[in-house]
Number of protein chains: 2
Amino acid sequence: QSLPIFSSEEISKHNSKDNGIWVSYKDGVYDITDFVDLHPGGKKLTCEKIMLASGGPIDAFWNMYAVHKTDEVLEILEQYKIGSLSPEDQKPIDLNDPFSKDPFRLPVFRINSKKPFNAEPPIELLTDSYITPNELFYVRNHLPVPEIDPDSHRISVDLGDSSIQLSLEDLKTKFKPVTITTTIQCAGNRRQEMSDFKTKGLSWGPCAIGTARWTGARVRDILLSAGFDPDDKTIKHVHFNGFDDDITNTSYGASIPKQKAMSLDGDVIIAYKMNGVDIPRDHGYPVRAIVPGYVGARNVKWLRQITVGSDESTSHWQMNDYKAFSPSTTFETANYKKAPSIQEMPVISAISVPKPGSIIDPEDGMVEVKGYAWSGGGRDIMRVDVSADGGNTWQEASLTKDDPDADDSAHCWAWTLWTAEVPVAAGKVEIICKAIDSANNCQPEWIGPIWNLRGFLTNAWHRVNVTVEN
Amino acid sequence: QSLPIFSSEEISKHNSKDNGIWVSYKDGVYDITDFVDLHPGGKKLTCEKIMLASGGPIDAFWNMYAVHKTDEVLEILEQYKIGSLSPEDQKPIDLNDPFSKDPFRLPVFRINSKKPFNAEPPIELLTDSYITPNELFYVRNHLPVPEIDPDSHRISVDLGDSSIQLSLEDLKTKFKPVTITTTIQCAGNRRQEMSDFKTKGLSWGPCAIGTARWTGARVRDILLSAGFDPDDKTIKHVHFNGFDDDITNTSYGASIPKQKAMSLDGDVIIAYKMNGVDIPRDHGYPVRAIVPGYVGARNVKWLRQITVGSDESTSHWQMNDYKAFSPSTTFETANYKKAPSIQEMPVISAISVPKPGSIIDPEDGMVEVKGYAWSGGGRDIMRVDVSADGGNTWQEASLTKDDPDADDSAHCWAWTLWTAEVPVAAGKVEIICKAIDSANNCQPEWIGPIWNLRGFLTNAWHRVNVTVEN
């Protein structure tokens, strides 16, 4: 008996007990409605996480929770098979919509903007694995995702006098491959918390951040091979330009200091692999810049050109977007020319467990709190303090780091995950976390003194309000 | 007529209008009591600064206020000459006092501890010159100042298998000289502000910080010349041991990460010049380590040995002193083994003008505020915000930097001086400053959340209370 074929769209409608809980895995479609209550672990949290996967592919979830990848589990899943996934489950292309060729994304994303696509994974998944699965990595696109033919694609390295063109194959074979584990964070991560004030920008929660292992060639090696003189004092910036462009053929662009690009310690690469596979289209296929410890915006996707210059990139995104302002600066007084570009990121942390609004049944008066902490510039996390009594007492969290590249704190590009056992009183409780990095920088206590009209760099203490049962 | 000879001690008694205002310059002694009111500029502030120089040598002050170094000014000074400085104005040596051979210091210092000598310059002088004059540079000694014969002194570079001995001459001739302008700050700078709580340590004001141009040889070059293999993964730390020791012959020691010592970007040097002259005894004559962007304690003075190791230095000062703790850690719960050593310093700023308690006559409702701002790790200062209304509104300060070595923000080892014009209301006013560094880190608002039992790393917003006249 041949099973029916279902489209992604059809599957996505089955994401509740009422409509049935469907998932796809590889090319199979499964109705797991009856299984949810049987799932081992069986805890409320597990059920919630299964529900996050409902209505879409579970492949990424199983990559994260790798315990599923056994023959036994696959046999269980096979019992629930109801059909196959349509090979043509992509929507027909609308030629008038520049975003119509954007790739498929998991329904689990919290979408801040559809076009361009800007979305973050749910907080309860974010810190379950040290390496963020590609399919769950936050997406911050500025323009439509370009379609690039990897065979004909060339990266142009233009140095004024001289110029070289590199194919993807050149990039992979002519330069020593380097793998860097780095956390990338959007300048607007946690902007939502500035929403009590007037801000301009996408209302990101705390999940516009993720960690991946990127493999590619050092920008230093590429520039040197193109004949760049690192001692040329007139050159102060290295520019990256993307393939993504708008109706006026203006493409995304950004620049970083030459010092960062050329330093052996800077670890700036042009990556062609993300966690061991080709970079997904949303993350820059086939090649993107990776600038560890810097704001996400400089990790230019769909790279088509590297140039050098005495000044910063003149792109909109370098000159008039990712800039830092004082709390007293208004849209009227903002001087974008004078304001510094956001480059290195400050220390930040956030609570991923429990979720805001949770009702908690404490064990022996203690609650387990989890989250992430990170700092830019290669700085390690030295300590995370957690409080459930308004900061009167602090518990030190246990820190976990799983970064094969970090053999000292100066190259610590990737985040730290943490867990703390915190004593809680019954009733309404605010849980607070704050991190200290290896330069002994700390997070500000509240939004007020760091508020800025663009809502960037929200790194105040993270606060989650919950109810603790008696 | 031959003028009398005076000792430093005698001169130091004449430091007020009542006792007469005496100063020395080179080998001359001058009674300038009648001149103070005639001093050009004639403002209250100028008089106060002359008073700071009274009772001691004015050479350092004139180095800072270089306008004095003209024949005209010297002629004026000559009119007030009353004698010559005693060639033997050092106190007789007490053989039972290990500190008896400590060098002469200016009476202007605010002394936190005499033995070992720990002192800071007055705040109203601190930011008058970008480069802190050697004689006014804060002193933080842990032990008596050793007497070292520069000709016989050897620096031992011990790598386990191999060892080399370097004379001062070797250091100057065998390695390329490098000059680094860097700010050095004591971990305890501004500890006084934590004094409402219980802290252990010297009660430093905001002047345990200074900036100098240091000339020396790169530690990287020295270690490579001694045969050190930078790729040896078993080696993670570079140790510095001093010549200063206590009664048990235990000398001062500290270590820094190998990454910092070996990086071309780290700019770690063994210095033999401070601002172009031999390093003064209080600052490490003849040689000291300079570790830009790190806590003062790792800039080991009177260097006698460089070693490498898999672990940090086992010295008291590395293991049981300069460490960071959570606000909830007590002397009973402090785990020095687990706590991280303080290395890179966080962003800080302080107000030098006006002084606390000043009575201010504003011009058009504005007051001029000055100060310093600095961040560790080579991070530049991006912005300084100043408020006189409790942080409701902030004025951006004008920033000044005079660092010839800093051609980009990644090597920005030295501080930024700043000036702001701030609107003030009449009455009691608290002036606040806060700085943002190039990694977008900011200072915490108050002491509470960063308080620690040792009183280190006091980088909260700096607050100065003044009275503004109607």
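It should be noted that the structure appears before, not after, this text.
Residues numbered from 1 in each chain as written. Chains lettered and ligands numbered in written order. Predicted model: local features only at pLDDT ≥ 70, side-chain atom pairs only at ≥ 80, totals over all residues. Heavy atoms only, no water.

Novice: Kindly report on the interface of chain B and chain A, identifying the contributing residues and their values.
Specialist: Bring the parts together and some accessible area is lost; that lost area is often taken as the interface size. Contact residues are listed per partner, giving 45 residues for chain B and 45 residues for chain A. For the chain B face of the interface with chain A, the top three residues by lost area are Q259, N440 and N441 of chain B, together amounting to 17%. Scanning the region where chain B abuts chain A turns up two salt bridges. Taking the shortest distance from any N to any O, the salt bridge between E396 of chain A and K338 of chain B comes out at 3.6 Å. Linking chain B to chain A there are 16 residue pairs in polar contact (both at pLDDT 80 or more). Looking at the side of chain B that touches chain A, the elements that each hand over two or more residues are β23 (381–387) and β27 (427–437) of chain B. Tallying contributions element by element places β23 of chain B first for the side of chain B that touches chain A, with three residues. For the side of chain B that touches chain A, a count of residues per class yields 19 nonpolar, twelve polar and 14 charged. (Contact = heavy atoms within 4.5 Å. Buried area = accessible area lost by both parts, 1.4 Å probe. Salt bridge = Lys/Arg side-chain N within 4 Å of Asp/Glu carboxyl O. Polar contact = N/O pair within 3.5 Å; in protein donor to acceptor, adjacent residues only side chain to side chain. Helix = DSSP H or I, 4+ residues; strand = E, 2+ residues; numbered from the N terminus. Nonpolar A, V, L, I, M, F, W, Y, C, P; charged D, E, K, R; others polar.)

Novice: Any details on the relation of the copies chain B and chain A? Residues and values, ideally.
Specialist: Note on the copies: chain B fits chain A at an RMSD of 0.1 Å, the axial shift is 0.0 Å, and the rotation between them is 180 degrees. A rotation of that kind, with that shift, is consistent with a two-fold axis. Among all C-alpha atoms of chain B, that of P444 of chain B lies closest to the rotation axis, at 2.6 Å. Residue by residue, 100% of the interface of chain B is reproduced at the interface of chain A, so both copies engage with the same surface. (Least-squares fit on C-alpha atoms with pLDDT ≥ 70 in both.)

Novice: An account of a negative patch on the surface is needed here, citing residue identities and associated values.
Specialist: A cluster of acidic side chains, namely D361, E363, D364, E368, E421 and E469 of chain A, defines a negative patch on the protein surface. Within the secondary structure layout, E469 of chain A lies in the segment after β27 (462–468). (Patch = residues over 30% accessible without salt bridge, like charges linked within 9 Å, V, L, I, M, F, W, Y side chains within 5 Å. Areas by Shrake-Rupley, 256 points an atom, 1.4 Å probe, with all protein chains shown as cover. Lys, Arg positive; Asp, Glu negative; His and termini not counted. Charge placed at Lys NZ, Arg CZ, Asp CG, Glu CD.)

Novice: Requested: an account of the environment of G242 of chain A, with residues and values cited.
Specialist: Residue and element names in this part refer to chain A. Within the fold, G242 resides in strand β13 (residues 237–245). For G242, a relative accessible area of 0% corresponds to the buried category. With 154 residues separating them in the primary sequence, G242 and E88 have C-alpha atoms 29 Å apart. Not counting the four nearest positions on each side in its chain, G242 is found in contact with S251, Y252, V300, K301, W302, L303 and R304. (Buried < 20%, exposed > 50% of the residue type's maximum accessible area, 1.4 Å probe, protein only.)

Novice: A description of the sheet that holds β27 of chain B should follow, citing residues and the corresponding values.
Specialist: Residue and element names in this part refer to chain B. Taking strand neighbours across the sheet as the criterion, the five strands line up as β21-β28-β27-β23-β24 in an open arrangement whose pairing is mixed. The sheet is open, and its two borders are formed by β21 (359–360) and β24 (395–396), each paired with just one other strand. Where β21 lies against strand β28 (residues 462–468), two bridges are found, and the strand directions are parallel. Bridge pairing links I359 to T467 in β28. (Pairing = 2+ DSSP bridges.)

Novice: Describe the sheet that holds strand β9 (residues 154–158) of chain A, listing the residues and the values that go with them.
Specialist: Residues and elements named next belong to chain A. Here five strands make up an open sheet; going across it, the order is β10-β9-β18-β13-β14 and the pairing mixed. Edge positions in the sheet fall to β10 (163–167) and β14 (251–257), since each has one partner strand and no second. Neighbour-to-neighbour, the strand axes of this sheet turn through a mean angle of 20 degrees, independent of strand direction. Pairing of β13 with strand β18 (residues 303–309) involves six bridges; the strand directions are antiparallel. Within β18, the residue paired with V238 across the bridge is V308. (Axes fitted to C-alpha atoms, helices over the stretch in contact; angles between N-to-C directions.)

Novice: Mind laying out the pairing of strand β26 (residues 427–437) of chain A, listing which residues take part and the relevant values?
Specialist: Consecutive residues of a regular strand have side chains that alternate between opposite faces of the sheet. Residues and elements named next belong to chain A. Most of β26 is tucked away: eight of the eleven residues are buried. Both β26 and β27 contribute to a ladder of seven bridges, which runs antiparallel. Among the inter-strand pairings, K428 is bridged to a residue of β27, identified as T467.

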